[in-house]
Amino acid sequence: MTRLLVLALPFLLAACDAQRDFPCEPVDDRVPICGLQAPEDIEPTPDGKHLILSQFGGITGSDSGSLMLFDPQTETTLPLYPLASQTAEPEGWGDADCPGAPGATISPHGIHLSQRSDGRWQLLVVNHGGRESVEFFEWRDDSSLHWQGCVVLPDGAFLNDLVATPEGGFLVTHMFPKDNIWALLRTFFGAERGHVWRWREGEGVDIQPGSLGSFPNGIQISGDGEVLFLNLYTNNRVRKIARDSGEHLGEVEVAHPDNSSWLPDGRLLVASHPRDKLLPGLCGDVHSGACESRFQLIAIDPETMAAETLFDHKGAPMGAGTVAVEWGNYWFIGSYAGDRLLRVPAPTAGVEAGK
C-alpha cells in the first residue's frame, strides 16, 4: 500500500491538467508527430541525421518502454531496443555483477550519448523496469544500438536523468528515497531528500559532492567535464556545481526545471513547468493523446547563469514538454505523457556558438 501511495500521490495531490485526446493536427506553427509512446528524453545521433528517443514506460517501471530512432526528415521511426535479433555477448561495460540485459522489461527515462576514450559511442539509459539501474549501450555507425552492461543502484534509489563523465563513469539524479511516503511529501514542499549518485569504474557508487537538493531532475555536464548543471525540480533552481569539489558556482531560478540540452550557441536549454496551481499540472503515466499542462523552454548562459524564456505553451497539440533539442531549423520537444513529439521553429536556428 505504501508503494502505491508513493507512486500515485504526486498525481493525486495536484489540481491536475488532464490528459486530452488532442487531434494530431498542427496549431499554427506547432506541429505534432504522433504514434509514439511518451518520448521523455531525446539525444541527437553523432552524425546529426537522427534523434534517439527514450519512450517512457512511466515512473513506476510497471509498464515497459523502448528506445527508438527518429528520422526528422521523414518523421518515421525504427526500433533500437529491445530487438530479438540483438543476441551478441555484451562486453561488460559497467559493473561486473550486472545481472543481465533488461530486455523487454526495459522502462527507460533519461538518456545521454557520449564518446568513450576509445572513440566508440555510448548511450547511457536510466531504467526503472525490474530494477533501478543505468544501462550501457553502444551506438554503432550502422544506426544500431547494442546493450553492453549495467550498474544497479543501491536500494531506495529513484532515478531520473544522467550524464557520462570523461573518465568513463556517470552521474545520475536520485529524486528522493523510493517507497518512502514521508520523503515524497516533504520533497514536494521543498525538503532536500535527493542528490546525485556518482559511479566510477572500480570504485562503485557514492554521492556527488554538492548535489543535495529537492527532487533533482535533469542534469548536464560541461564539455570539459568540470562543471555540472543540476535541475532541482521542487527547489525551482538550476544550480551550477564544480564537479570535483562540489562548490556551488551559481544558480538561477527556474520554475520546476525538467530536462536540459545544449544549444548550438552554447547555452543550456531547460524545459520548465510553471506552477499555475498549488503544484504544477501533471498527467498520469503513458496514455494516448497529450497532456495539456503549460511548459516553457528557457535558455541559460552557462557562464553568467542569466536566463531567457524562448518558448511558452499550453494545450493543443501538446503540453508538458520535458526536453527540447535543436535539429536544423526546428526544435523537437518530448514529453513524459502521451503519444507524440512537438516540432516548432527554433528561435535560435542559425545562431553560431558565442554569437
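See the structure printed just above.
Residues numbered from 1 in each chain as written. Predicted model: local features only at pLDDT ≥ 70, side-chain atom pairs only at ≥ 80, totals over all residues. Heavy atoms only, no water.

### Quick word on the overall build of the protein chain
Argument step 1. Helix and strand counts for the protein chain stand at two helices and 27 strands.
Argument step 2. In the protein chain, which comprises 355 residues, the share counted as buried stands at 59%.
Argument step 3. Residue pairs in contact within the protein chain that sit at least 24 positions apart in sequence constitute 54% of those at least 6 positions apart.
Argument step 4. Working note: accessible area of the protein chain is about 14100 Å², and carbon and sulfur atoms make up 50% of it. (Helix = DSSP H or I, 4+ residues; strand = E, 2+ residues; numbered from the N terminus. Buried < 20%, exposed > 50% of the residue type's maximum accessible area, 1.4 Å probe, protein only. Contact = heavy atoms within 4.5 Å. Areas by Shrake-Rupley, 256 points an atom, 1.4 Å probe, with all protein chains shown as cover.)

### Looking at the pattern of salt bridges
Argument step 1. Taken as a whole and judged by the stated rule, the model has 19 salt bridges.
Argument step 2. Arg20 is paired through a salt bridge with Glu292; the nearest N and O atoms lie 3.2 Å apart. Residue Arg20 is located in strand S1 (residues 19-20), and its partner Glu292 is located in the loop between strand S22 (290-291) and strand S23 (295-300); the two are separated by 272 residues in the primary sequence.
Argument step 3. Accessibility expressed as a relative area gives 38% for Arg20, which makes it partly exposed.
Argument step 4. As a salt-bridge pair, Glu167 and Arg243 come within 2.9 Å of each other at their nearest N and O atoms. With Glu167 in the loop between strand S12 (159-164) and strand S13 (170-174) and Arg243 in the loop between strand S18 (237-242) and strand S19 (248-253), this residue pair connects regions lying 76 residues apart in the sequence.
Argument step 5. In the salt-bridge network here, residues are joined through shared partners; they are Glu91, Asp118, Arg120, Glu138 and Arg140. (Salt bridge = Lys/Arg side-chain N within 4 Å of Asp/Glu carboxyl O.)

### Here's the deal with the sheet that holds strand S25 (residues 321-327)
Argument step 1. Pairing is antiparallel across the open sheet formed by four strands, whose spatial order is S2-S27-S26-S25. Only two strands of the sheet have a single neighbouring strand rather than two, namely strand S2 (31-34) and S25. Across the sheet, the axes of successive neighbouring strands diverge by a mean angle of 25 degrees, strand direction being ignored.
Argument step 2. Where S25 lies against strand S26 (residues 330-335), six bridges are found, and the strand directions are antiparallel. Residue pairing in the sheet places Gly321 in a bridge with Ser335 of S26. (Pairing = 2+ DSSP bridges. Axes fitted to C-alpha atoms, helices over the stretch in contact; angles between N-to-C directions.)

### Things to note about the packing of aromatic side chains
Argument step 1. For the coordinates displayed, the defined rule picks out eleven aromatic pairs.
Argument step 2. With a centroid separation of 5.6 Å and 65 degrees between ring planes, the pair formed by Phe70 and Phe332 is classed as edge-to-face. Note that Phe70 is positioned in strand S5 (residues 66-71) and Phe332 in strand S26, a separation of 262 residues in sequence.
Argument step 3. You can call Phe70 buried: its relative accessible area is 0%. (Phe/Tyr/Trp six-rings, centres within 6.5 Å; stacked < 30°, edge-to-face > 60°.)

### Structural notes on the pairing of S19
Argument step 1. With five bridges joining them, S18 and S19 adopt antiparallel strand pairing. When the sheet's bridge partners are listed, Val238 is paired in S19 with Val252.

### As for the state of the cysteines
Covalently bonding the sulfur atom of one cysteine to the sulfur atom of another cysteine gives a disulfide.
Argument step 1. Tallied over the full model, the rule gives two disulfides.
Argument step 2. With a sulfur-sulfur separation of 2.1 Å, Cys24 is cross-linked through a disulfide to Cys34. As the torsion about the S-S bond is roughly 110 degrees, the Cys24-Cys34 disulfide counts as right-handed. Note that Cys24 is positioned in the loop between S1 and S2 and Cys34 in strand S2, a separation of ten residues in sequence.
Argument step 3. Classification of Cys34 as partly exposed rests on a relative accessible area of 28%. (Disulfide = S-S within 2.5 Å.)

### Focus: the nonpolar core
Argument step 1. Counting 17 residues, the largest nonpolar core has Leu297, Phe311, Trp331 and Ile333 as the members making the most contacts within it.
Argument step 2. Contributions of two or more residues to this core are made by strand S21 (268-272), S23, strand S24 (307-313), S26 and strand S27 (340-345).
Argument step 3. It is S23 that contributes the most residues to this core, three residues altogether.
Argument step 4. Sequence-distant contacts of Leu297, defined by excluding residues within four places in its chain, comprise Leu269, Val270, Ala271, Glu308, Thr309, Leu310, Phe311, Ala324, Trp331 and Ile333.
Argument step 5. With 16 residues, the next largest nonpolar core counts Leu67, Leu80, Ile106 and Leu145 among its residues. (Core = buried A, V, L, I, M, F, W, Y, C linked by side-chain atoms within 4.5 Å.)

### Considerations on the environment of Ile219
Argument step 1. The residue Ile219 is located in strand S16 (residues 216-221) in this model.
Argument step 2. Through-space distance from the C-alpha of Ile219 to that of Val196 is 9.1 Å; in sequence the pair is 23 residues apart.
Argument step 3. Discounting chain neighbours no more than four positions away, the residues touching Ile219 are Asp161, Leu162, Val163, Leu171, Thr173, Val196, Phe229 and Leu230.

### Things to note about the side chain of Glu138
Argument step 1. Here Glu138 is to be found in strand S10 (residues 133-140).
Argument step 2. Of note is the side chain of Glu138, whose polar atom sits 2.9 Å from the side chain of Gln148.
Argument step 3. In this view, Glu138 contacts Glu91, Trp93, Arg120, Trp121, Ser144, Leu145, His146 and Gln148; residues no more than four positions away in its chain are not counted. (Polar contact = N/O pair within 3.5 Å; in protein donor to acceptor, adjacent residues only side chain to side chain.)

### Some thoughts on the environment of Val323
Argument step 1. Secondary-structure assignment places Val323 in strand S25.
Argument step 2. Of the residues examined, Val323 reaches a relative accessible area of 1% and is grouped as buried.
Argument step 3. Put simply, Val323 and Gly218 are 105 residues apart on the chain and 9.3 Å apart in space, counted from C-alpha to C-alpha.
Argument step 4. If near-sequence neighbours (up to four positions away) are discounted, Val323 is found in contact with Glu40, Asp41, Ile42, Asn259, Ser260, Ala271, Phe332, Ile333 and Gly334.

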